[in-house]
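Coordinate analysis (summary)
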Amino acid sequence: MTRVPGRDWRNPSTWHLRTRLVLVAMALLVAICGAVGLFSYASMDLFLTRQLDTQLDQASHRSSEFGRPSSDDSGRRPDPLEARGQGVGTLNARIVDGEVSRAGFLAGDGAVKSLSPSDNKVLLALTPSGVSVDRSLSAGAYRLTAARTPYGDVIVTGLPLAEKQNTLASLVWTMVVVSAGGLVLIGLAGTALIRRTMKPLEQLSEVATNVSRLPLDAGEVALGVRVPTSAAHPGTEVGSVGYALNKMLDNVSNALEARQESEMKVRQFVADASHELRTPLTAIRGYTELMRMTEHFTPDGERSLARVQSQSERMTTLVEDLLLLARLDEGQPLKISDVDLTQLAIETVSDEKVMAPDRIWQLELPDEPVVVRGDATQLHQVLANLLSNARKHTEPGTKVVTGVMRSADGSAVVTVTDNGSGIAPEFIGRVFARFARADASRTNPASNPAAVPADSAVATARVGSGAPARSSSGAVSGSRGGHGTATAAPTSEGTSGLGLSIVQSIVEAHGGTVEVTSRPGRTEFAVRLPAAPPPA
């Protein structure tokens, strides 16, 4: 793209404002120059016309006096063109009894030139009132006047308009050239002046633009950008705006620091509380197991003790999830190694198959292994959480398809798809939020037919181009028992609302993205991991 000199591409709004100001100033100057030009032209035309009328009156008087009858009895009438003082181009004609008896004009060489018959018709149409009029003749444009003499004839006198027209044309060209030059100079000077005047406003715009691009919603934000002191003096209008903007940024910066400090305290509290709760929960589970092995209980006592054990296990899972989120928030480094996503998908689906044989579990994998660099334990938990989520919020008989592929840009895509009833549209936007649970999705649809799954895991199962897919359904070999239960509570107990938050945090820590789309009969979760993880 060709850059226009003087244009500030970083602040197009101020550039447009400056351009509009220059155009408005130029338009105003053009209007002023036009008005001055019209006034000058009209004044000059009036002045030249009056001057020409004065000369015409004098020439008409000379012609009338010179053309009186002679004192002898010959009756000869002198030619008015022979009168002294008649200039080059002067026209004279004598009209007697409605006919032109003699007419002509003085040429440049002093000779008398006759008029054409069409010119005679123009002269005969004049009214002998002494009023001057403009007419076009064969010899050019003339200013004519007709006066009746005491001797009964009419003397027509005319002066050429060429000199007047030439003077007016010179005036027009002079004004055009001078006005154009003045507009150019004033435009350049105005542009420089406006640029200088608008510079503080450009600085304000640049600061506001930079602030608008900062991620202020979460995390530690360094809001160090400010309006320069030169553009933040309260003495001017723009300076007052800059001063107020700096004050606002100071307030926002203080609020962000307070928010960050509060977040850090909350995260530290969650981490400490989760760590401290692990010991009593372990003790409760241990004593529960000990009591079941050493004591004899009634059937009701056995059920109560089993309930205590299941709730302690669920509480332990919640504490472990909170502790993991706290560690992810702290940005702890990943344990990077080569991870085969195809083998990881086979193992995780095998675990879910054992836990929920009433679902239809399928795999769609490429022929070649899809290997990425990442933390194997955390990536296993991502897939386990998505599959557990699909298991908890779909009815028996639902088909869940897990796919792995390599995209064209080299990134790896893991998809989980189910054909359940879908996620409520109003819940899609906050499905990855912590502790986000739709009321209707807190229990498994198998135990609550009216429930609507709120965060069923899904993704479109696709195979990379050029790699044929292989599909397996039913039992999948290679079970790694226990992984599925690490993050899943019993289906009758609902969910904690942390599983998908953990998925998003782990994926983002690997520099990837996770997306969800859902409609009735198809819900889709797609995890995209880059070819190389972000630097630790």
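Quick caveat: nothing in here was measured; it's all calculated off a predicted structure.

A word on the overall build of the protein
The secondary structure content of the protein amounts to nine helices and 14 strands. When the 536 residues of the protein are sorted by exposure, 39% land in the buried category. Considering only residue pairs separated by 6 or more positions, the protein has 68% of its internal contacts joining residues 24 or more positions apart. Accessible surface, the protein as shown: approximately 29300 Å² in total, 58% of it carbon and sulfur.

Topic: the pairing of strand S2 (residues 99-106)
One ladder, built from six bridges, connects strand S1 (residues 91-96) with S2; its direction is antiparallel. Considered in S2, the bridge of Arg94 is made with Arg102. Here S1 folds back onto S2, and the loop between the two strands holds two residues, one of which, Asp97, carries a positive phi near 50°. Direction of pairing for S2 relative to strand S3 (residues 112-114): antiparallel, over a ladder of three bridges.

Quick notes on the pairing of strand S13 (residues 513-519)
Both faces of the sheet carry side chains from a regular strand, because those side chains alternate between them. Bridging between S13 and strand S14 (residues 522-529) involves seven bridges; their strand directions are antiparallel. Of the residues in S14, the one forming a bridge with Thr517 is Glu524.

Looking at the confidence of the model for the protein
Model confidence for the protein is summarised by a mean pLDDT of 78, while 81% of its residues fall at 70 or above. Across the protein, strand S11 (residues 412-418) holds the top mean pLDDT of 93, while strand S12 (residues 470-473) sits lowest at 36. Predicted confidence is poor over residues 1-10, with pLDDT under 50, and the contacts of this stretch with residues over four places away or in other chains come to 14 contacts. Low pLDDT (under 50) marks residues 439-493, which in the prediction has 152 contacts with non-local residues, meaning those over four places away or in another chain.

With respect to the nonpolar core
The biggest cluster of nonpolar side chains holds 44 residues, and the ones touching the most others in it are Leu341, Leu386, Val431, Phe525 and Val527. When residues of this core are assigned to their parent elements, the largest contribution, six residues, is made by helix H7 (residues 376-392). Dropping the residues within four chain positions of it, Val527 is found in contact with Val382, Leu386, Ala412, Val413, Val414, Val507, Thr513 and Val514. Ala93, Leu115, Leu123 and Val154 belong to the second largest nonpolar core, which has 13 residues in total.

Observations concerning the sheet that holds strand S4 (residues 133-137)
The strand order across the open sheet built from six strands is S3-S2-S1-S6-S5-S4, with neighbouring strands paired in antiparallel fashion. The open sheet terminates on both sides in strands that have one partner only, identified here as S3 and S4. With direction set aside, neighbouring strand axes in the sheet form an average angle of 30°. Each of S1, S2, S4, strand S5 (140-148) and strand S6 (154-160) touches helix H2 (residues 117-124); the most contacted strand, S2, lies at about 110° to it.

A short note on the pattern of salt bridges
All chains considered together, the criterion is met by nine salt bridges. Arg143 is paired through a salt bridge with Asp53; the nearest N and O atoms lie 2.8 Å apart. Placement of Arg143 in strand S5 and of Asp53 in helix H1 (residues 12-66) is noted, with a sequence separation of 90 residues between them. Exposure remark for Arg143: the relative accessible area of 12% places this residue in the buried category. Among the ionic pairs, Arg373 bridges to Asp338, the shortest N-O distance being 3.0 Å. Pair noted here: Arg373 is in strand S9 (residues 371-375) and Asp338 is in strand S7 (residues 336-340), with a separation of 35 residues, a long-range link. You can call Arg373 partly exposed: its relative accessible area is 37%. What makes Asp338 exposed here is its relative accessible area of 54%. By sharing partners, the salt bridges in this structure join Asp53, Asp134 and Arg143 into a single network.

Quick look at the environment of Leu161
Assignment of secondary structure puts Leu161 in the loop between S6 and helix H3 (162-212). Residue Leu161 is classed as buried on the basis of its relative accessible area, which comes to 5%. Considering only alpha carbons, one finds Leu161 and Leu144, 17 residues apart in sequence, at a separation of 10.0 Å. Excluding anything up to four places from it in sequence, Leu161 contacts Leu52, Asp134, Ala141, Tyr142 and Arg143.

What about unusual backbone geometry?
Positive phi, normally seen in glycine, also occurs at Asp97, with a value near 50°. Here Asp97 shows up in the loop between S1 and S2. On the basis of relative accessibility, which here comes to 74%, the residue Asp97 falls in the exposed class.

As for the packing of aromatic side chains
By the definition in use, this model includes one aromatic pair. Summarising the aromatic geometry, the rings of Phe432 and Phe525 are spaced 5.8 Å apart at their centres and angled 80° between planes, so their arrangement reads as edge-to-face. Of this pair, Phe432 sits in the loop between helix H8 (425-428) and S12 while Phe525 sits in strand S14, and the two are 93 residues apart along the sequence. With a relative accessible area of 13%, Phe432 lands in the buried category.

Each value, and the rule that gives it
- Counting from 1, residues in each chain are numbered in the order their sequence is written.
- Only residues with pLDDT of at least 70 get local features here, since the model is predicted, and only at 80 or more are side-chain atom pairs given and counted; chain-wide, interface and lining totals rely on the full set of residues.
- Neither water nor hydrogens contribute to the side-chain values; these are computed over all heavy atoms in the structure.
- In this text, helices come from DSSP runs of H or I with a minimum length of four residues, and strands from runs of E with a minimum of two, each type numbered from the N-terminal end.
- Think of it in three bands: residues with accessible area under 20% of the maximum for their type are buried, residues over 50% are exposed, and the middle band is partly exposed, with areas taken using a 1.4 Å probe on protein chains only.
- Only heavy atoms enter the contact rule, under which two residues are in contact if any of them lie within 4.5 Å.
- Using a 1.4 Å probe, accessible areas were evaluated by the Shrake-Rupley method; residue-level cover was limited to the displayed protein chains.
- Each pair of strands is called paired provided DSSP finds at least two bridges between the two strands.
- Each residue gets a pLDDT score, which is the predictor's confidence in that residue and runs from 0 to 100.
- Only buried residues count toward a nonpolar core. Its members are Ala, Val, Leu, Ile, Met, Phe, Trp, Tyr and Cys residues joined through side-chain atoms within 4.5 Å.
- All axes are obtained by fitting lines to C-alpha atoms, using only the stretch in contact for helices, and the reported angles, taken between N-to-C directions, cover 0 to 180 degrees.
- Definition used for salt bridges: Asp or Glu carboxyl oxygen within 4 Å of a side-chain nitrogen of Lys or Arg.
- Pairs were defined over the aromatic rings of Phe, Tyr and Trp, the Trp ring being its six-membered one, requiring ring centres within 6.5 Å. Orientation was assigned from the angle between planes: stacked under 30 degrees, edge-to-face over 60, tilted for the rest.

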